[in-house]
Amino acid sequence: MTQPAVSPRPDRLAAIAAGEVVPAVVHPELAGEAAVLEVDKFSLWYGAKRVLYDIDLAIPKGRVTALIGPSGCGKSTLLRGVNRMNDLIDGVRTTGDMRLAGDSIYGRGVDVIELRRRMGMVFQKSNPFPMSIRDNVTYALQINGERNRTVLESVCRRALEGAALWDEVHDRLGESGLGLSGGQQQRLCIARAIAAEPEVLLMDEPCSALDPIATSRVEELILALRGEYTVLIVTHNMQQASRVSDFTAFMYLGQVVEYGPTARLFTNPRLRETEDYITGRFG
């Protein structure tokens, strides 16, 4: 029999809203997973405004982890913190650290360009470059000096096959990526992201601008990438999180409230607050 969600702290969300740092409830299943990305007491400010509060999060290797929560809760900010895209915003300050395969992301002397090469990033709106499909996929390799046509062609095919796009575009690789449909453009961006075989693939609401059919294709792709890649995805769509992710973290006002296996979180969460959000009682 399914046990009702319980909350050891009924005022948990009120305490978070008041600025108190409340430890997340982390399900024991996470302890058995090897983490490729570790977030350690990470906080972030935009000027005087604090956006993230002492976040601890371990992202399992080869799994899909979803970040869910109300708009403005810090999901995308946390995601962009992983590849330090927030550094591009004036007035950003951070404390704590993140580690990728044990290597500090925020330590002194970190080569941010090299760090970003170890990650792939897929944005909310597809952003293919104004160049051929082939060059879109192999762009990162080319700017790193790869000129061997055989290597580039091999990488292009492998990435497009990995993005479930090869069969649709293999006979027009020289055409502009801007001529593809919206869903195809997003899969092209995923192909570009995985071409360099990243350690982590970051996705910031990758389906929010797509129609249901294109969304379904991208979700199928995410499921196919599981195991070969570690995927961290931000989504406002809880049904999508339940369909594609292995683990889910529920965030609220810059803090992780509950983190556990997706199936458990959606059917038998430990906290009443999580259940209330998932069932639409607030947010």
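Preceding block: the structure.
Residues numbered from 1 in each chain as written. Predicted model: local features only at pLDDT ≥ 70, side-chain atom pairs only at ≥ 80, totals over all residues. Heavy atoms only, no water.

1. Overview of the nonpolar core
V137, L160, I190, L201 and M203 are the most contacted members of the largest nonpolar core, which totals 51 residues. Setting aside chain neighbours within four positions, we find L201 in contact with G120, M121, V122, A193, I194, L225, T230, V231 and L232. Among the nonpolar cores identified, the runner-up in size contains 32 residues, and L79, V82, V234 and F247 belong to it. (Core = buried A, V, L, I, M, F, W, Y, C linked by side-chain atoms within 4.5 Å. Buried < 20%, exposed > 50% of the residue type's maximum accessible area, 1.4 Å probe, protein only. Contact = heavy atoms within 4.5 Å.)

2. As for the pattern of salt bridges
Under the defined criterion, the tally for this structure stands at 25 salt bridges. A salt bridge links R50 to D54; the nearest nitrogen and oxygen atoms lie 3.2 Å apart. R50 sits in the partly exposed class, given a relative accessible area of 25%. By relative accessible area, D54 is classed as partly exposed at 30%. (Salt bridge = Lys/Arg side-chain N within 4 Å of Asp/Glu carboxyl O.)

3. Here we look at the packing of helix α5 (residues 149-162) against helix α7 (residues 182-194)
One way to put it is that α5 packs onto α7 with a least axis distance of 8 Å and a crossing angle of 125 degrees. By the angle between their directions, the pair α5 and α7 is classed as oblique. In this structure, α5 meets α7 at a crossing whose hand is right-handed. Facing R158, A159, L160 and G162 of α5, the residues of α7 in contact are L188, A191 and I194. Looking at the contact of α5 with α7 residue by residue, the classes come out as five nonpolar, one polar and one charged. (Axes fitted to C-alpha atoms, helices over the stretch in contact; angles between N-to-C directions. Helix = DSSP H or I, 4+ residues; strand = E, 2+ residues; numbered from the N terminus. Parallel < 35°, antiparallel > 145°, perpendicular 65-115°, else oblique. Left-handed = near helix turned anticlockwise from the far one by under 90°. Nonpolar A, V, L, I, M, F, W, Y, C, P; charged D, E, K, R; others polar.)

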